[in-house]
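One-letter residues, chain by chain:
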Amino acid sequence: MYLLENIQLALEGLRANKMRSLLTMLGIIIGISAVIGIVTVGNSMTHAVTDQMQQLGATNIIVMVQERGMDMMQTTAPAMPTDSDLISDEMIEQFYERYNNYITAISLSAAGGNGRAEDGRLFANVSLMGVSPGFRPSNNLEMMSGRFINDGDVLSRRHTAVVSHRFVENMFPHGTDPLGQEVRVTTGSNIETFVIVGVYEYIPMGAGMGFGPPIDNVNIRTDMYIPVSTMNAINASTQGVHMVFTIMAEPTVDFRAFEGQIRRFFGTFYQNNPRFTVSTFSMDMMLNATEEIMGTLAVAVAVIAGISLIVGGVGVMNIMLVSVTERTREIGTRKALGARNISIRIQFVVEAIIICAIGGLLGVALGVIMGYMGSLLLGFPGFPSFDIIIIAVFFSMMIGLFFGYYPANKAAKLDPIEALRYE
């Protein structure tokens, strides 16, 4: 009951000095809203980055031929491997036979350079990419119609192609079915004809984060996927050897342990190779590192924003000292009527806590709005967790307790006779 009376007195004091109370709360409001807004935007940014990386393949392990003792920071050009130094199809087949229970797909690819498909006045810019059937699941490619490159296409070196829906919009009149249609692609001095067997959804990099290049259907360059064997034939490259390929592991696999097994397996083929070996790179490790960096950055910025809470706390202490001075006669009267020091102290501490709690609630409301608007711009609209809101309000009340104690203690120690004489 005594506590409720103190809360009522504190609220009446706030109503009597609305402007001063609002200005006192301002530092708390700004600090709390900044912390909540930054944490919300930081979480949204983390989700945006991790979502983009997951689209690239969070369970992918890239296997590549690398020069022994190669330093990632070296400035000299690395030595180029010969065909005998590359990973052969036989090695990959042996690996798959041993670890097929750990593998969802194996993706082989070969770049073919930029080209241009033309049909009269219609055209589309493309980047030719030779791929195996495992490329689609390992790169999270979404098919809109038709099919992807299959084993038959690779074995027979067919001139089949999978194109983007942007390509279709540029090359075919609206409503035309592109499947089974032939397209001629010019790459350098070569002109190749392909039959479209599938259409995939083109998603520009960065589109899910609210930024990235604007979509220009006319000049945009999208990937055209053809069988990897066909690409090697066009490039006059050696068939059946690879500089790099990708393994899509099962989600339940221990990625770090599996990476070690991959390096040991392929390392047996390179034991007697003095120049080259096999290395691996896991998207999962990069994803974890990115999440840690983004989380640390968000916390660091939130701590910097939280400094304004200290400023707000000093403002609360200053106003409470003014309040003690203004109410000196009131304090003297209460003490003359028998109020104990602890009662006076609790009265002013409660008043400081109420000021900071109300400021904290207003800051939470403003922070939620700021965080939502900021995260909306990143394409991942969201609200702060309930935990961070509770922590913010609790922290603001602790600021009131900490910075309100000194003025309250000063009020409690006033001599009642001197207080009653105060003018």
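Bear in mind that the values here come from a model prediction, so they are computed numbers and not experimental data.

### Focus: the packing of helix α10 (residues 328–336) against helix α11 (residues 341–377)
Turning to step 1, where the next piece is worked out: Orientation of α10 relative to α11, taken along the N-to-C sense of each, is 145°, at an axis distance of 10 Å. The two elements α10 and α11 cross, and the hand of that crossing is right-handed. Where α10 approaches α11, its residues Glu330, Ile331, Arg334 and Lys335 are matched on the opposing element by Asn341, Ile344, Gln347 and Phe348.
Turning to step 2, where the next piece is worked out: Its residues placed into classes, the contact of α10 with α11 shows three nonpolar, two polar and three charged.

### A few points about unusual backbone geometry
Turning to step 1, where the next piece is worked out: With a phi close to 55°, Arg157 is a non-glycine residue in the positive phi region.
Turning to step 2, where the next piece is worked out: Looking at the secondary structure, you find Arg157 in the loop between α5 (151–156) and β6 (160–164).
Turning to step 3, where the next piece is worked out: Its identity is not glycine, yet Ala236 carries a phi of approximately 55°, on the positive side.
Turning to step 4, where the next piece is worked out: Topologically, Ala236 is positioned in the loop between α7 (228–234) and β10 (241–242).

### Section: the environment of Ala408
Turning to step 1, where the next piece is worked out: With respect to the secondary-structure elements, Ala408 resides in helix α12 (residues 386–412).
Turning to step 2, where the next piece is worked out: A residue is classified by how much of its surface remains accessible, and Ala408, at 0% relative accessible area, is buried.
Turning to step 3, where the next piece is worked out: Separated by 61 residues in sequence, Ala408 and Gln347 have C-alpha atoms that sit 7.6 Å apart.
Turning to step 4, where the next piece is worked out: If we skip the residues at most four places from it in the chain, Ala408 touches Arg345, Phe348 and Val349.

### Quick word on α10
Turning to step 1, where the next piece is worked out: Among all positions of α10, only Thr328, Ile331, Gly332 and Lys335 are buried. For α10, the buried positions fall inside an angular range of 100° around the axis, keeping them on one side.
Turning to step 2, where the next piece is worked out: Remark: Gly338 follows α10 within two positions and exhibits a positive phi of approximately 110°.

### Remarks on the packing of aromatic side chains
Turning to step 1, where the next piece is worked out: Following the criterion strictly, the structure yields 17 aromatic pairs and no others.
Turning to step 2, where the next piece is worked out: Between Phe265 and Phe266, the aromatic rings sit 5.2 Å apart at their centres with planes inclined by 85°, giving edge-to-face as the arrangement. Across the pair, exposure class does not vary: Phe265 and Phe266 are buried alike.
Turning to step 3, where the next piece is worked out: Ring geometry for Phe265 against Phe269: centres 5.6 Å apart, planes inclined by 65°, an arrangement best described as edge-to-face.
Turning to step 4, where the next piece is worked out: For Phe265, a relative accessible area of 7% translates into the label buried.

### Comments concerning the layout of surface pockets
Turning to step 1, where the next piece is worked out: Each pocket or cavity is described by its volume, and for the second largest pocket that value is around 650 Å³.
Turning to step 2, where the next piece is worked out: Forming the walls of the second largest pocket are 22 residues, and the residues nearest its centre are Asp89, Glu93, Leu108, Asp151 and Val154.
Turning to step 3, where the next piece is worked out: Sorting the residues of the lining of the second largest pocket by element identifies α3 (89–99), β3 (103–119), α5 and α7 as the ones contributing at least two each.
Turning to step 4, where the next piece is worked out: For the lining of the second largest pocket, the leading source of residues is β3, giving five residues.
Turning to step 5, where the next piece is worked out: Along the lines of polarity and charge, the residues of the lining of the second largest pocket split into ten nonpolar, eight polar and four charged.

### A few points about the confidence of the model for the chain
Turning to step 1, where the next piece is worked out: Per-residue confidence for the chain gives a mean pLDDT of 82; residues scoring 70 or more make up 87%.
Turning to step 2, where the next piece is worked out: Averaged over each element, pLDDT in the chain is lowest for helix α13 (residues 416–421) (67) and highest for β6 (96).
Turning to step 3, where the next piece is worked out: Counted against residues more than four places away or in other chains, residues 208–215, with its pLDDT under 50, gives 20 contacts.

### A short note on the pairing of β3
Turning to step 1, where the next piece is worked out: Here five bridges tie β3 to strand β11 (residues 244–249), and the two strands are oriented antiparallel to one another. From the neighbouring strand, Leu108 faces β11, where its bridge partner is Phe245.
Turning to step 2, where the next piece is worked out: For β3 and strand β4 (residues 122–131), the ladder comprises ten bridges, and the chain directions are antiparallel. Counterpart to Asp119 in the pairing with β4 is Leu122.
Turning to step 3, where the next piece is worked out: Here β3 folds back onto β4, and the loop between the two strands holds two residues, one of which, Gly120, carries a positive phi near 70°.
Turning to step 4, where the next piece is worked out: Relative to strand β7 (residues 182–187), β3 is paired through two bridges, and the arrangement is antiparallel. In the sheet register, Ala117 faces β7, and the bridge partner there is Val185.

### A short note on the nonpolar core
Turning to step 1, where the next piece is worked out: Core analysis: the biggest nonpolar cluster contains 33 residues, and Phe148, Phe167, Phe194, Met224, Tyr225 and Ile226 have the highest contact counts within it.
Turning to step 2, where the next piece is worked out: Broken down by secondary-structure element, the contributors of at least two residues to this core are β3, β4, β6, α6 (165–171), β7, β8 (190–200), β9 (221–227) and α7.
Turning to step 3, where the next piece is worked out: Looking at this core element by element, the count peaks at five residues for β8.
Turning to step 4, where the next piece is worked out: Excluding residues within four positions of it along the chain, Phe148 makes contact with Val131, Ser132, Pro133, Phe135, Arg136, Leu141, Met143, Asp153, Val162 and Tyr225.
Turning to step 5, where the next piece is worked out: Formed by 30 residues, the second largest nonpolar core is a distinct cluster that contains Ala10, Val316, Ile331 and Ala392.

### Section: α12
Turning to step 1, where the next piece is worked out: Compared with the 39 Å implied by 1.5 Å per residue over 27 residues, the 37 Å span of α12 between its first and last C-alpha is a close match.
Turning to step 2, where the next piece is worked out: Taking the largest bend as the criterion, α12 deviates by roughly 40°, centred on Tyr405, and proline Pro407 comes between one and four positions later.

### Side note on the side chain of Glu192
Turning to step 1, where the next piece is worked out: Tracing the sequence through the fold places Glu192 in strand β8.
Turning to step 2, where the next piece is worked out: Buried and unpaired, Glu192 has Arg184 as its nearest opposite-charge partner, separated by 9.7 Å.
Turning to step 3, where the next piece is worked out: A polar atom in the side chain of Glu192 sits 3.2 Å from the side chain of His159.
Turning to step 4, where the next piece is worked out: Ignoring anything within four residues of it in the chain, the contact list for Glu192 reads His159, Val183, Arg184, Val185 and Ile234.

How each quantity is defined
- The numbers attached to residues start from 1 for each chain and follow its sequence in the written order.
- Two thresholds apply to this predicted model, a pLDDT of at least 70 for residue-level local features and 80 or more for giving and counting side-chain atom pairs, whereas whole-chain, interface and lining totals are computed over all residues.
- The side-chain figures draw on all heavy atoms in the structure; neither hydrogens nor water molecules are used.
- In this description, a line fitted to the C-alpha atoms serves as the axis of each element, helices being fitted only across the stretch in contact, and the angle between N-to-C directions of two axes falls anywhere from 0 to 180 degrees.
- Secondary structure elements follow DSSP: runs of H or I of four or more residues count as helices, runs of E of two or more count as strands, with numbering from the N terminus.
- Crossing chirality is assigned from the near helix's rotation relative to the far helix, an anticlockwise turn below a right angle marking it left-handed and a clockwise turn marking it right-handed.
- Two residues form a contact once any of their heavy atoms are found within 4.5 Å.
- Residues are sorted three ways: Asp, Glu, Lys and Arg are charged, Ala, Val, Leu, Ile, Met, Phe, Trp, Tyr, Cys and Pro are nonpolar, and all the rest, Gly among them, are polar.
- Only protein chains enter the calculation, and the probe is 1.4 Å; a residue is then buried if its accessible area is under 20% of its type maximum, exposed if over 50%, and partly exposed in between.
- When we speak of the arc, we mean the arc of directions from the helix axis to the C-beta atoms.
- Only Phe, Tyr and Trp rings are paired, with Trp represented by its six-membered ring, and only when their centres lie within 6.5 Å; those with planes under 30 degrees apart are stacked, over 60 edge-to-face, the remainder tilted.
- A cavity, in this analysis, means grid points on a 1 Å lattice covering only the protein atoms where a 1.4 Å probe fits yet has no way out; a pocket is instead an open set bounded by protein on both sides within 12 Å along at least five of seven lines, and a residue lines either one if it has an atom within 4 Å of a point.
- Grid points are joined across faces, edges and corners, and a volume is the space filled by probe spheres set on the points.
- Confidence scores here are pLDDT values: one per residue, from the predictor, ranging 0 to 100.
- When DSSP finds two or more bridges between a pair of strands, those strands are recorded as paired.
- In this description, a nonpolar core means a group of buried Ala, Val, Leu, Ile, Met, Phe, Trp, Tyr and Cys residues linked to one another through side-chain atoms lying within 4.5 Å.
- Multiplying one less than the number of residues by 1.5 Å gives the expected span of a helix.
- Two axes enter the bend calculation: one fitted to the seven residues ending at the residue in question, the other to the seven starting there, and the bend is the angle between them.
- Counted as positive: Lys and Arg. Counted as negative: Asp and Glu, with His and the chain ends omitted from the count.
- One speaks of a salt bridge when a side-chain nitrogen belonging to Lys or Arg is within 4 Å of a carboxyl oxygen belonging to Asp or Glu.
- Here a polar contact means two N or O atoms within 3.5 Å. Within protein one must be a hydrogen donor candidate and the other an acceptor candidate, and residues neighboring in sequence count only if both atoms are side-chain atoms.

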